Amino acid sequence: MDALVKQCEAAGEAVKTAKAGGDKAVIAEAVAKLLAIKEEITKLDPAHPMAIVDKKAAKKKAAAEKKAQAAAKPAAEGDKPMSKNAQKAAAKKALKDAKKKQHKEGGAAAPPPTAAAPTKGFALRPGASAAARAKVA
């Protein structure tokens, strides 16, 4: 393995000098030799730093791991308070789920609150407390 690494380094230097010269045929030949050595290294040890790696596959794998960690992180962090918008969304979803559950069980939805009859020229909002009604009366 050490011999292949030294050959790879020498081939890399050969490519560098060939590119400095500018002759396309020489560059192509040096690159082909370098790739052949790197393929041998890859066959022996795919995890070696000089091994050929599929960059697109590695990038997708890293992105998938990062996404999985990000998804697991909020579940682990219970100490961080939810934002107001997140609280509203959670409450709205819970209410919607409760309505769906009630509907599936066959129960009728709660009737909307009815307006109270106006007393002495004042109209109280629906659902006003008994104490508020006593003040007006």
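Going by the structure above, here's the rest.
The rules we used
Residues numbered from 1 in each chain as written. Predicted model: local features only at pLDDT ≥ 70, side-chain atom pairs only at ≥ 80, totals over all residues. Heavy atoms only, no water. Helix = DSSP H or I, 4+ residues; strand = E, 2+ residues; numbered from the N terminus. Buried < 20%, exposed > 50% of the residue type's maximum accessible area, 1.4 Å probe, protein only. Contact = heavy atoms within 4.5 Å. Areas by Shrake-Rupley, 256 points an atom, 1.4 Å probe, with all protein chains shown as cover. Core = buried A, V, L, I, M, F, W, Y, C linked by side-chain atoms within 4.5 Å. Axes fitted to C-alpha atoms, helices over the stretch in contact; angles between N-to-C directions. Parallel < 35°, antiparallel > 145°, perpendicular 65-115°, else oblique. Left-handed = near helix turned anticlockwise from the far one by under 90°. Nonpolar A, V, L, I, M, F, W, Y, C, P; charged D, E, K, R; others polar.

A. The arrangement of the overall build of the protein in detail. Check the secondary structure of the protein and you find five helices and zero strands. Ordering the α and β elements of the protein from the N terminus gives α-α-α-α-α. For the protein, the residues scored as buried account for 11% of the 137 residues in total. Contacts spanning at least 24 positions in sequence make up 36% of the contacts within the protein whose residues lie at least 6 apart. Carbon and sulfur atoms make up 61% of the accessible area of the protein, which totals about 11,600 Å².

B. Quick peek at the nonpolar core. Within the largest apolar cluster, 11 residues are counted, these being Leu4, Cys8, Ala11, Val15, Ala18, Ile27, Ala30, Leu34, Ile37, Ile41 and Ala51. Mapped onto this core, the elements with two or more residues apiece are helix H1 (2-21) and helix H2 (24-44). If we skip the residues at most four places from it in the chain, Ala51 touches Ile41, Thr42, Asp45 and Pro46.

C. A look at the packing of H1 against H2. Remark: H1 packs on H2, axes separated minimally by 9 Å, with the N-to-C direction vectors making an angle of 160°. As judged from the angle between their axes, H1 and H2 are roughly antiparallel. Helix-helix and strand crossings are classified by hand; for H1 and H2 the assignment is left-handed. Taken together, the residues of H2 that come into contact with H1 (itself represented by Leu4, Val5, Gln7, Cys8, Ala11, Gly12, Ala14, Val15, Ala18 and Lys19) are Val26, Ile27, Ala30, Val31, Leu34, Ile37, Lys38, Glu40, Ile41 and Leu44. Across the contact of H1 with H2, the residue classes tally to 15 nonpolar, two polar and three charged.

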